[in-house]
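# Topology and contacts: notes
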Amino acid sequence: MQQTRGLLTSYHDFYGDLEPAAALTLLNRLDLPPETEHFATLRAVLKAGARNHYQHPELWDAPSHG
């Protein structure tokens, strides 16, 4: 769970600058249950290519992340 928290914190940090493809690869390797808090949303924003929340805040609040 610490890796997920690290990715999530990096995504939401004002100076966060994730490499979306690499972060998504790491997230997928963690083998987390789909119901893990924020998993689907984080996965969706990374798939959309977002590097951080401040450049694309609308992605986090999108109604569907399935």
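Above this text you will find the structure in question.
Let me begin by describing the structure that accompanies this report.

### Overview of the nonpolar core
Ranked by internal contacts, the top residues of the largest apolar core, which has 14 residues, are Tyr11, Leu27, Leu42 and Leu46. Those elements that provide at least two residues to this core are α1 (2-12), α2 (20-29) and α3 (39-47).

### Some words on a nonpolar patch on the surface
Residues Phe14, Tyr15 and Tyr54 make up a contiguous nonpolar surface patch of roughly 440 Å² in combined accessible area. On the secondary structure map, Tyr54 appears in the loop between α3 and α4 (57-60). Judged by its relative accessible area of 46%, Tyr54 is partly exposed.

### A short note on the environment of Asp17
With respect to the helices and strands, the residue Asp17 is situated in the loop between α1 and α2. For the pair formed by Asp17 and Tyr54, sequence separation is 37 residues and the distance between their alpha carbons is 9.9 Å. Look past the residues within four positions of Asp17 in its chain and what remains in contact with it is Ser10 and Arg51.

Definitions and cut-offs
Residues numbered from 1 in each chain as written. Predicted model: local features only at pLDDT ≥ 70, side-chain atom pairs only at ≥ 80, totals over all residues. Heavy atoms only, no water. Core = buried A, V, L, I, M, F, W, Y, C linked by side-chain atoms within 4.5 Å. Buried < 20%, exposed > 50% of the residue type's maximum accessible area, 1.4 Å probe, protein only. Helix = DSSP H or I, 4+ residues; strand = E, 2+ residues; numbered from the N terminus. Patch = residues over 30% accessible without salt bridge, like charges linked within 9 Å, V, L, I, M, F, W, Y side chains within 5 Å. Areas by Shrake-Rupley, 256 points an atom, 1.4 Å probe, with all protein chains shown as cover. Salt bridge = Lys/Arg side-chain N within 4 Å of Asp/Glu carboxyl O. Contact = heavy atoms within 4.5 Å.

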